[in-house]
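# Structure at a glance
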Amino acid sequence: MTENSNFNKVMVAVSVFCLFISVMYIRYNYDSFNIADYDAYAYFTDVYWSGFDRSWILSEPFGWGSLLALRWVTGSTHYAIVAAHWLLSLTTCAAILLLSYRYRLKWQGVMMSIAMFGPLLAIVTIRATPAYLLCVGAALLAARGSLFALALVGLAILFHNTAILALIPILLILFQNKFPNSVKIFENKTVIIVASAITGLIFLFYRQDLFNLFENIIAIAPGFMQKYVVYFTSGGSEAAVNAAREPTSLFHIFFIAGATLMFTLYIFLSGEEQRTYRLFAISSFAIYIVLSTNPVTSFRQSIFWIIPILLTFPWEKLRPTPAVSLGVIAFSLVVLPIGLGSVILSY
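Residues numbered from 1 in each chain as written. Predicted model: local features only at pLDDT ≥ 70, side-chain atom pairs only at ≥ 80, totals over all residues. Heavy atoms only, no water.

### Structural notes on the packing of helix α6 (residues 128-142) against helix α16 (residues 303-312)
- Between α6 and α16, whose axes approach to 9 Å, the crossing angle comes to 45°. Classed by the angle they form, the pair α6 and α16 counts as oblique. Considering only the axes of α6 and α16, their crossing is right-handed. Between α6 and α16, the contacting residues are A131, Y132, C135, V136, A139 and L140 on the first element and I303, F304, I307, P308, L311 and T312 on the second.
- For the contact of α6 with α16, the per-class residue count stands at eleven nonpolar, one polar and no charged. (Axes fitted to C-alpha atoms, helices over the stretch in contact; angles between N-to-C directions. Helix = DSSP H or I, 4+ residues; strand = E, 2+ residues; numbered from the N terminus. Parallel < 35°, antiparallel > 145°, perpendicular 65-115°, else oblique. Left-handed = near helix turned anticlockwise from the far one by under 90°. Contact = heavy atoms within 4.5 Å. Nonpolar A, V, L, I, M, F, W, Y, C, P; charged D, E, K, R; others polar.)

### Section: the packing of helix α14 (residues 275-290) against α16
- Where α14 contacts α16, the axes come no closer than 9 Å and their chain directions differ by 150°. In terms of axis orientation, α14 runs roughly antiparallel to α16. Of the two possible hands of crossing, α14 and α16 adopt the one that is left-handed. Along its contact with α14, which presents Y277, F280, A281, S284, F285 and Y288, the element α16 presents F304, W305, P308, I309 and T312.
- Taken together, the residues of the contact of α14 with α16 break down into nine nonpolar, two polar and no charged.

### Overview of a nonpolar patch on the surface
- Together, F17, F20, I21 and L90 make up a nonpolar patch on the protein surface, roughly 370 Å² of accessible area in all.
- Broken down by element, the nonpolar patch gets its largest block of residues, three residues, from helix α1 (residues 2-29).
- Residue placement: F20 occurs in helix α1. (Patch = residues over 30% accessible without salt bridge, like charges linked within 9 Å, V, L, I, M, F, W, Y side chains within 5 Å. Areas by Shrake-Rupley, 256 points an atom, 1.4 Å probe, with all protein chains shown as cover. Salt bridge = Lys/Arg side-chain N within 4 Å of Asp/Glu carboxyl O.)

### Thoughts on the nonpolar core
- Of all hydrophobic cores here, the largest spans 81 residues; its most connected members are M116, F117, I123, I170, W305, I306 and W315.
- A total of 13 residues in this core trace back to one element, the largest contributor, which is helix α5 (residues 107-124).
- Ignoring anything within four residues of it in the chain, the contact list for I123 reads V23, I26, R27, I35, H85, L88, L340 and V343.
- If you look at the next biggest cluster of nonpolar residues, it comprises 15 residues, including Y38, Y41, W64 and L70. (Core = buried A, V, L, I, M, F, W, Y, C linked by side-chain atoms within 4.5 Å. Buried < 20%, exposed > 50% of the residue type's maximum accessible area, 1.4 Å probe, protein only.)

Just geometry here; none of it tells us what the structure is for.
Structure representation (structure tokens):
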């Protein structure tokens, strides 16, 4: 048992070290203006710094407040973003290592999470990365019954509003034992898979009507929420808007298929250890399907639920174990460089 535990710690450390080396390579060879989303960060930082628009105080005060604080320290928007990028890289690697050791996470889940999302988290998403990591920590903490998980989600929302997507799934983790009769509905794994497939098909054929409904709801929300209409139509950033104008990519199709396969395997293979996360997975997948029409939005908002599922996945039930482990390593070696390229070339 100790030998396996030590091996797990070593593989986690190797995974984080690979991310660190990869990120340092990008940092030393590319300036911040070569990184995806730089223009959007620079534009809004200048707008908010001018004082002309102060909506950031009500919307994501910690996210934009951090950038504005760095703008004050450095005296330049560009150098504020450069400093934020460096801080982002270092804190992301440290946070992943801390979460992995604190919750004794399996190395396969850590490695795959780093390969799929590490470059984005450690290089690009200055405001969203703290929200992602806080929500992952909240999901792991909620499984232990700690209400402090809600405080973490609240803090995450102050960095990036999309963290509210994680609120309902985490609430289900915390309070599912309060409604045991309702939870029994989700014990039949076959029913869950079939119901999810039907929901996905309904959304596929009626998604534009659903989008129109979401737009109408957001239209009556406070002014600072208006910009989030694009999350239901063309995405939530400059990169997302550009991606929405392009034909559906093979990457988008394969990513949705892969996410669906991961969800299916998780439900079928989940045992007593994963029972707490089952409702989390179901509710998160439902939210994912609703927001999956845009490639960038689909990819970025999936982080809230795919990482917790990877980290709690019953890897030991996949056989043969050596082949699965080699497959995880091979997958990571292929996907990580692709992720690194995508943050430079933009979406």
